[in-house]
Amino acid sequence: MLVLLMTGFNGVAQDTSTFKAQIALGVNKPSEDGFVQGFEAKSYNFPTVNLGLQYMFKQRWGAKLDYGFSRMSNEDSAQEFKLNFSRINIQAVYDASRIISFLPSGMGTFIHAGPGFSMVKPLGNYTQNDTSYFNVMAGVEFHYGLSDKLSLFLDASYINGFSKDFDPISNGFGSFNGNVLTLTVGASISLSGCYYCE
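Bear in mind that the values here come from a model prediction, so they are computed numbers and not experimental data.

Draft legend 1. Structural detail: the overall build of the protein. A tally of helices and strands in the protein yields one helix and eight strands. Written out in order from the N terminus, the α and β elements of the protein read α-β-β-β-β-β-β-β-β. Residues counted as buried form 45% of the 198 residues belonging to the protein. Across the protein, every contact between residues at least 6 apart in sequence was considered, and the portion connecting residues at least 24 apart equals 68%. When the accessible area of the protein is evaluated, it comes to approximately 10100 Å², of which 62% is carbon and sulfur surface.

Here it is in structure tokens:
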């Protein structure tokens, strides 16, 4: 679908407006060592939903506050469980479009990274095993501008968790304390007008 949209529109200047809202949907891949033995999750899980607000202080530099929600569930050979993995992060944003110049006209690249907090809420029989810990995440977004106010983007991000081992091990039944890779597709909508468009 993204390819059809990208080929169906003429390229326009990349949207680098001051204030933007973002929404994205995709999949997540949790690290295997974040689960206790017998409670492993699928390699890829759906959905992952990201919501964010981004503010560009300068033409190339900005910051964003974003919230992410991911669902994970057991692989076929593991004990049955589901859990909600949520995070909130504040990140620096850099418009790297001039550095990464091999992309077609109308496309742009943004790099983002920053600290945050992860919250894990097991469902079903293991609701007592909720946990939370600090994280740091980093990612890259490839944007395609449809207009001065709207762009579509593909985002790949890695969320590194700073958590302790489950002690006792039963605290990890149906829970998670590892790292997460996410791949999402979304839309970025200008809320302020395109003050920095080129």
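Read on, since the account is not over.
Draft legend 2. Fine view of the packing of aromatic side chains. A complete count under the given rule lists 11 aromatic pairs for this structure. Arranged with centres 6.3 Å apart and planes meeting at 55 degrees, the rings of F19 and Y55 form a pair that is tilted. In this pair, F19 is assigned in strand β1 (residues 19-30) and Y55 in strand β2 (residues 45-56), connecting sequence segments 36 residues apart. Since its relative accessible area comes to 39%, Y55 is described here as partly exposed. Taking 4.7 Å as the distance between ring centres and 40 degrees as the angle between the ring planes, the aromatic pair formed by F35 and F176 counts as tilted. Of this pair, F35 sits in the loop between β1 and β2 while F176 sits in the loop between β7 (150-162) and β8 (180-190), placing them 141 residues apart in sequence. Among the residues examined, F35 registers a relative accessible area of 10% and is labelled buried. The class for F176 is buried, based on a relative accessible area of 0%. Pairwise contacts between aromatic rings join F35, F39, F81, F85, Y126, F173 and F176 into one cluster.

Draft legend 3. How the structure looks around the confidence of the model for the protein. Looking at the protein, the pLDDT average stands at 89 and 88% of residues meet or exceed 70. Counted against residues more than four places away or in other chains, residues 1-15, with its pLDDT under 50, gives 36 contacts.

Draft legend 4. Highlighting the nonpolar core. Ranked by size, the top nonpolar core spans 16 residues in total, and within it F35, M72, F81, L83, F85 and F176 carry the most contacts. Contributing elements (two or more residues each) for this core: β4 (82-95) and β6 (131-145). Setting aside its immediate chain neighbours within four residues, F81 contacts F35, F39, E40, A41, M72, S73, N74, Y126 and G174.

Draft legend 5. Spotlight on the sheet that holds β1. Read around the closed barrel, the eight strands follow the order β1-β2-β3-β4-β5-β6-β7-β8; overall the barrel is antiparallel. Between one strand axis and the next, the sheet turns by 25 degrees as a mean value, whatever way the strands run.

Draft legend 6. The arrangement of the environment of T127 in detail. With respect to the secondary-structure elements, T127 resides in the loop between β5 (107-122) and β6. Excluding residues that lie within four positions of it along the chain, T127 makes contacts with K121 and P122.

Draft legend 7. Broad picture of unusual backbone geometry. With an omega dihedral of 5 degrees, the bond running from F46 to P47 counts as a cis peptide bond. With respect to the helices, strands and loops of the structure, P47 is situated in strand β2. The omega torsion across D167 and P168 is 5 degrees, close enough to zero to call that bond cis.

Draft legend 8. How the structure looks around empty space enclosed by the protein. For the coordinates displayed, the defined rule picks out two cavities of 30 Å³ or more. As a volume, the largest cavity reaches approximately 110 Å³. Forming the walls of the largest cavity are 17 residues, and the residues nearest its centre are Q22, N50, K64, D66 and E141. Contributing elements (two or more residues each) for the lining of the largest cavity: β1, β2, β3 (61-73), β6, β7 and β8. Split into classes, the residues belonging to the lining of the largest cavity amount to five nonpolar, seven polar and five charged. There is about 30 Å³ of room inside the second largest cavity. If you go around the second largest cavity, the residues you meet are T48, N50, G68, F69, S70, F85, R87, I159 and T182. Ranked by residues supplied to the lining of the second largest cavity, first place goes to β3 with three residues.

The rules behind each value
Residues numbered from 1 in each chain as written. Predicted model: local features only at pLDDT ≥ 70, side-chain atom pairs only at ≥ 80, totals over all residues. Heavy atoms only, no water. Helix = DSSP H or I, 4+ residues; strand = E, 2+ residues; numbered from the N terminus. Buried < 20%, exposed > 50% of the residue type's maximum accessible area, 1.4 Å probe, protein only. Contact = heavy atoms within 4.5 Å. Areas by Shrake-Rupley, 256 points an atom, 1.4 Å probe, with all protein chains shown as cover. Phe/Tyr/Trp six-rings, centres within 6.5 Å; stacked < 30°, edge-to-face > 60°. pLDDT = per-residue confidence, 0-100. Core = buried A, V, L, I, M, F, W, Y, C linked by side-chain atoms within 4.5 Å. Pairing = 2+ DSSP bridges. Axes fitted to C-alpha atoms, helices over the stretch in contact; angles between N-to-C directions. 1 Å grid on protein atoms, 1.4 Å probe; cavity = no way out; pocket = protein on both sides within 12 Å on 5 of 7 lines; lining within 4 Å. Points joined across faces, edges and corners; volume = space filled by probe spheres on them. Nonpolar A, V, L, I, M, F, W, Y, C, P; charged D, E, K, R; others polar.

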